[in-house]
Amino acid sequence: MTPKEMAVLAAKALDSKKGGEIKVMEVTDLTSLADYFVICTGSSNTQINALCDAVEEKLAEDAGEKPLHREGHRGGVWVLLDYGCLVIHVFDTEAREFYGLERLWSDGKPVDMTGILSGE
């Protein structure tokens, strides 16, 4: 499975748990950290954990992939799932605004999710 296909699967998993403002960005040419970032907002600590659990489940079942690392789950304001070629960031609203990853990585190429996510 390609990194882009994994990113789309992750976005679908987030969407299935009503994640907010889901964005997928290709950052291959900008960093060696990953090929794709998926960014999402959760409304509470409980939802953020449910969103991350849904991504882990979906990628394990459909892609046979487990995260290399999961960070931040105790604080509940920002959880990062690192799959090597793919990094998923799930924030609460304040943390997402504060860290501004979309601004920081604005040179990344947005992936069109029209017709893929329920809100698009």
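The paragraphs below set out a description of the structure included in this document.

Basis of the calculations
Residues numbered from 1 in each chain as written. Predicted model: local features only at pLDDT ≥ 70, side-chain atom pairs only at ≥ 80, totals over all residues. Heavy atoms only, no water. Pairing = 2+ DSSP bridges. Helix = DSSP H or I, 4+ residues; strand = E, 2+ residues; numbered from the N terminus. Contact = heavy atoms within 4.5 Å. Axes fitted to C-alpha atoms, helices over the stretch in contact; angles between N-to-C directions. Buried < 20%, exposed > 50% of the residue type's maximum accessible area, 1.4 Å probe, protein only. Polar contact = N/O pair within 3.5 Å; in protein donor to acceptor, adjacent residues only side chain to side chain. Parallel < 35°, antiparallel > 145°, perpendicular 65-115°, else oblique. Left-handed = near helix turned anticlockwise from the far one by under 90°. Nonpolar A, V, L, I, M, F, W, Y, C, P; charged D, E, K, R; others polar.

Judged by pairing direction, the sheet is mixed, and its six strands sit side by side in the order E3-E4-E5-E2-E1-E6 without closing on themselves. Edge strands, defined here as strands with exactly one partner in the open sheet, are strand E3 (69-71) and strand E6 (109-110). With six bridges joining them, strand E2 (residues 36-41) and strand E5 (residues 86-91) adopt parallel strand pairing. Note that in E5 the partner of Thr41 across the bridge is Phe91. Docked against the sheet, helix H1 (residues 3-16) engages strand E1 (20-26), E2 and E5, running at close to 5 degrees with respect to E2. Here helix H2 (residues 45-63) sits on the sheet and contacts E2, E3, strand E4 (78-82) and E5; the angle it forms with E5, its principal contact strand, is near 160 degrees.

Below, the discussion takes up the side chain of His89. Mapping His89 onto the fold places it in strand E5. Looking at His89, the relative accessible area reads 5%, which means it is buried. At 3.3 Å, the side chain of His89 forms a polar contact with the side chain of Trp78. Discounting residues that sit within four places of it in the chain, His89 has contacts with Phe37, Val38, Ile39, Cys40, Trp78, Val79, Leu80 and Leu101.

So, on to the packing of H1 against H2. Packing of H1 against H2 brings their axes to within 8 Å, and their N-to-C directions diverge by 135 degrees. Judged by the inter-axis angle, H1 sits oblique to H2. Judged by the sense of rotation from one axis to the other, the crossing of H1 with H2 is right-handed. On the side of H1, the interface is formed by Met6, Leu9, Ala10, Ala13 and Leu14, while H2 contributes Leu51, Ala54, Val55, Lys58, Leu59, Asp62 and Ala63. For the contact of H1 with H2, the class distribution of residues is 10 nonpolar, no polar and two charged.

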